[in-house]
Amino acid sequence: GPANGERVAYLNHIGMVTTEIMHCLQHTDQLYDADLAIQCAILHDSVEDTNSTYEDIKKLFGQAVSDGVMALTKNESLPDKRAMMVDSLERIKGQPHEIWMVKMADRISNLYSPPFYWNDQKIAKYAEEAKLIYDALAPSNELLATRLLTKIEAYPSFMKSNN
């Protein structure tokens with residue numbers, strides 16, 4: 001299995017995404033299915049990063065959650081990262097807004113700071129990709145959309161050329 005550091009990073013990430021969702025649910029007037037949002041936040045990487053399958057998740061959590069998790073899962077058979085992102089966003093947009101919110105929360109969590117070995121080009125590309133997520137999914141929740149945009153705008157400050 002993964003090294004201890006990786007396991008800690010994985011659990012921290014899931015915790016951060018789930019916390020974003022819970023904070024959002026507490027501070028938003030709109031009514032959302034909190035169970036769906038929180039379960040998908042916790043499970044969003046499970047098909048990508050563990051041996052769990054769609055069927056496993058469906059058996060344990062029901063179809064709405066397993067469909068949400070699958071929409072949040074990259075199709076690794078596509079030619080490149082951008083194709084995977086466009087495809088995933090299309091599938092997410094066919095899901096309830098709770099799933100859109102998990103994707104925004106996921107990217108908010110991933111925009112805290114880039115891996116130390118990323119160059120400026122990679123950092124710029126990641127922010128650009130985040131803008132695609134924002135443009136596609138912002139209508140689902142204003143609070144998360146605002147948080148995501150703030151993170152995107154701050155992200156270039158991590159570039160080596162700025163430090």
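See above for the structure.
Everything numeric in this text was worked out from a predicted model, so none of it was measured. (Residues numbered from 1 in each chain as written. Predicted model: local features only at pLDDT ≥ 70, side-chain atom pairs only at ≥ 80, totals over all residues. Heavy atoms only, no water.)

## Section: the overall build of the protein
Each helix and strand counted, the protein has 9 helices and 0 strands in total. Order of helices (α) and strands (β) in the protein, N terminus to C terminus: α-α-α-α-α-α-α-α-α. Taking 2.2 N^0.38 as the reference for a compact globule, 163 residues should give roughly 15 Å; the C-alpha atoms of the protein span a radius of gyration of 16 Å, in line with that estimate. The C-alpha extent of the protein, read off along each of the three principal axes, is 50 × 40 × 30 Å. Residues counted as buried form 40% of the 163 residues belonging to the protein. Here the contacts in the protein between residues at least 6 apart in sequence split such that 67% fall between residues at least 24 apart. Within the protein, the 23 negative side-chain charges are centred at a point lying 5 Å from the centre of the 16 positive side-chain charges. (Helix = DSSP H or I, 4+ residues; strand = E, 2+ residues; numbered from the N terminus. Rg over C-alpha atoms; globule rule 2.2 N^0.38 Å. Buried < 20%, exposed > 50% of the residue type's maximum accessible area, 1.4 Å probe, protein only. Contact = heavy atoms within 4.5 Å. Lys, Arg positive; Asp, Glu negative; His and termini not counted. Charge placed at Lys NZ, Arg CZ, Asp CG, Glu CD.)

## Observations regarding the pattern of salt bridges
For side chains of opposite charge, pairing can occur when their charged atoms come near one another. Summed over all chains, the structure comprises 6 salt bridges. Residues Glu-48 and Lys-74 are paired through a salt bridge, measuring 3.1 Å at the closest nitrogen-oxygen approach. Of this pair, Glu-48 sits in helix H3 (residues 46–49) while Lys-74 sits in the loop between helix H5 (63–71) and helix H6 (81–93), and the two are 26 residues apart along the sequence. The salt bridge involving Asp-106 is made with Lys-103; its shortest N-O contact spans 3.9 Å. Taken as a pair, Asp-106 and Lys-103 lie in helix H7 (residues 97–110) at a separation of 3 residues, close to a single helical turn. (Salt bridge = Lys/Arg side-chain N within 4 Å of Asp/Glu carboxyl O.)

## Some points on the nonpolar core
Within the largest apolar cluster, 42 residues are counted, with the highest numbers of intra-cluster contacts made by Ile-21, Cys-40, Leu-137, Leu-144 and Leu-148. Elements that contribute at least two residues to this core include exactly helix H1 (4–26), helix H2 (34–43), H5, H6, H7, helix H8 (120–137) and helix H9 (142–154). It is H8 that contributes the most residues to this core, 8 residues altogether. Leaving out residues up to four positions away in the same chain, Ile-21 has contacts with Ala-37, Ile-38, Ala-41, Met-101, Val-102, Ala-105 and Leu-144. (Core = buried A, V, L, I, M, F, W, Y, C linked by side-chain atoms within 4.5 Å.)

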